[in-house]
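A structural walkthrough
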Amino acid sequence: MMTDCAAQQPQEDPRYCLARLKIIIDTLPVTILLNPVAVLLTVFAMWLGQTDFGLHSKTRIAAAVGAQIIASFAAFVVRERHRVIRPDGVAQARRELILMQGVIGSAWAAVGWALWIDGNGANNGLVAILLVMSLWALALTRCAVRMVFFTGIFTAVAPMIVRMGTSGDVLAHVFLALLPIVVGYVAFSGMAARSRVDEMLQARFALEDLSAELAAARDEAVEKRKEAENANASKSAFLANMSHELRTPLNAIIGFSEIIATQALGPHNERYPEYAGDIRNSGTHLLTLINEILDIAKIEAGKMEIAPRPLDPESALDAVERIMTIRCLENNLTAVYTVKPGTPMIMADERAFRQIVLNLVSNAVKFTPSGGRINITCEPAEEEGLLLSVSDTGQGIPAEKLAQLFQPFSQVDNRFDHHHGGTGLGLALVQGLAKLHHGRAWIESELAQGTTVYVYFPLGTVKQALTTAAE
């Protein structure tokens, strides 16, 4: 059962309260215009039929008309103040509507009191009809909020009960006896109308909720379709790129092995050992590509296992520094490895941690121009744990493309572009391995200023459980 705004229960949708108040606000123009007109017409009719309705003094007429003008002004002020009701203004709007309806009900009581003449049946009948009409108008326009509705009934009827009760006329007592029946019927009709209002509001809000759900479902479907299209495009680009990446080492392996096998340069040629080294390098490169693909597939399938143990980040950085020193020298780059004081040991898989650092440093070397600088830093995180950062002085990445970089098979132009080579799996692998440690990775970059990749590792015991990169 719906509650009134006066005692709104927590489970009721606050939209009902707003809507009920809005219904009353929307009916106020009728009150503002018609109430004074109704009183003026009544006064005019009594003036034309003075012999039947009795003679009224100017003071009484002015009091009747003036009361309705004051009530119309009160309704006008409330309507102007609450044309738009904000959720935080519900209580204030309700209080003002109750006060306004008290003024309007008192105005109708003042009209009845001023125009009533004891002993004049025609006069008393017309005043009673006017009172009943005001009560029916109240039932139609104020039933949405109980307190407003019953305030209007009480302030209009109570003074007239006193007026009829103090009259010595028999007809006044007859009207007084009938008044509770009329008021009861009006109250019952008003509450029945309120139930219909709530049913309409319930249907309206159910339709709005359904429309919102359908819109959300549509947006989600569009987003999923875009994701599927992007994934399909990324995989197509990946396959196109991989065909080149795989062919290059395979062609080298096949070509150099054929030269050695057929001794094309003559027996015992001094270049055969060099070709054998090229075969080894090509095979290593090919194995690296395949391992990256398999690792990403395992992470996405939730099959990647890690073996976390206490890890000193300095030893891992030293290992990466030994591997990457030659490449940095070849590219005329300065790489600085730093472990700041207070950096904690963490529970992590050593191979996975080293792979993360190696992938990030390899990317930085690949996309930093000659003479640039790369900073590899481990430091305490603001959250409890370790923060790894790898920054470079490359050309940076556009902000709108940052979100793509952690997607598998994704390569973004102007930094992770095709002329640098690579599968587009490096950063996806970094993110996947970070999530396996219940950490995360993110990128900050500015064009012409460089790029920094951050990886956060939480402190504490890492559960040796299978995790997916989409977790």
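Located above this text is the structure these notes cover.
Read on for a plain summary of the structure. (Residues numbered from 1 in each chain as written. Predicted model: local features only at pLDDT ≥ 70, side-chain atom pairs only at ≥ 80, totals over all residues. Heavy atoms only, no water.)

Side note on the packing of aromatic side chains
The condition that has to hold: The rule is short: rings of Phe, Tyr and Trp, with Trp giving its six-membered ring, pair when the centres are within 6.5 Å, and they are stacked under 30 degrees, edge-to-face over 60, tilted in between. Secondary structure elements follow DSSP: runs of H or I of four or more residues count as helices, runs of E of two or more count as strands, with numbering from the N terminus. Here's how the labels work: a residue is buried when its accessible area is under 20% of the maximum for its type, exposed when over 50%, partly exposed in between, all with a 1.4 Å probe on protein chains only. Whether a charge sits over a ring comes down to the Lys NZ or Arg CZ being within 6 Å of the ring centre and within 35 degrees of the ring normal.
If you walk through the whole model with that rule in mind, you get six aromatic pairs. Ring plane angle 25 degrees and centroid distance 6.2 Å describe the contact between Phe44 and Trp47, whose orientation is recorded as stacked. Note that Phe44 and Trp47 are positioned in helix 1 (residues 14–48) at a spacing of three residues, about one turn of the helix. Measuring from ring centre to ring centre gives 5.1 Å for Phe353 and Phe457, while their planes differ by 50 degrees; the resulting arrangement is tilted. A residue pair is termed long-range when its members are at least 10 positions apart, and Phe353 in helix 10 (residues 350–367) and Phe457 in strand 7 (residues 450–458) qualify at 104 residues. Both residues of the pair, Phe353 and Phe457, count as buried. A cation over an aromatic ring shows up here: Arg163 above the ring of Trp113, its NZ or CZ 5.6 Å from the ring centre.

Quick word on the side chain of Asn124
Convention followed: Counted as a polar contact is a pair of N or O atoms within 3.5 Å, where, for protein atoms, one must be capable of donating a hydrogen and the other of accepting one, and residues adjacent in sequence contribute only when both atoms are in side chains. Any two residues whose heavy atoms approach within 4.5 Å at even a single point are treated as in contact.
Mapping Asn124 onto the fold places it in helix 5 (residues 121–142). Within the structure, Asn124 has its side chain in polar contact with the side chain of Asn123 (distance 3.2 Å). Sequence-distant contacts of Asn124, that is, excluding residues within four places in its chain, are made with Trp116, Ile117, Gly119, Asp169, Leu171 and Phe175.

Looking at helix 11 (residues 426–436)
With respect to burial, helix 11 is a largely interior element, 10 of its 11 residues being buried. For helix 11, every residue scored as buried is listed here: Gly426, Leu427, Ala428, Leu429, Val430, Gln431, Gly432, Leu433, Ala434 and Leu436. Against the buried residues of helix 11 lie helix 8 (272–301), helix 10, strand 6 (440–446) and strand 7. His438, located one to two residues past helix 11, shows a positive phi value of around 60 degrees.

So, to be careful, I would describe these as geometric facts and stop short of saying anything about function.
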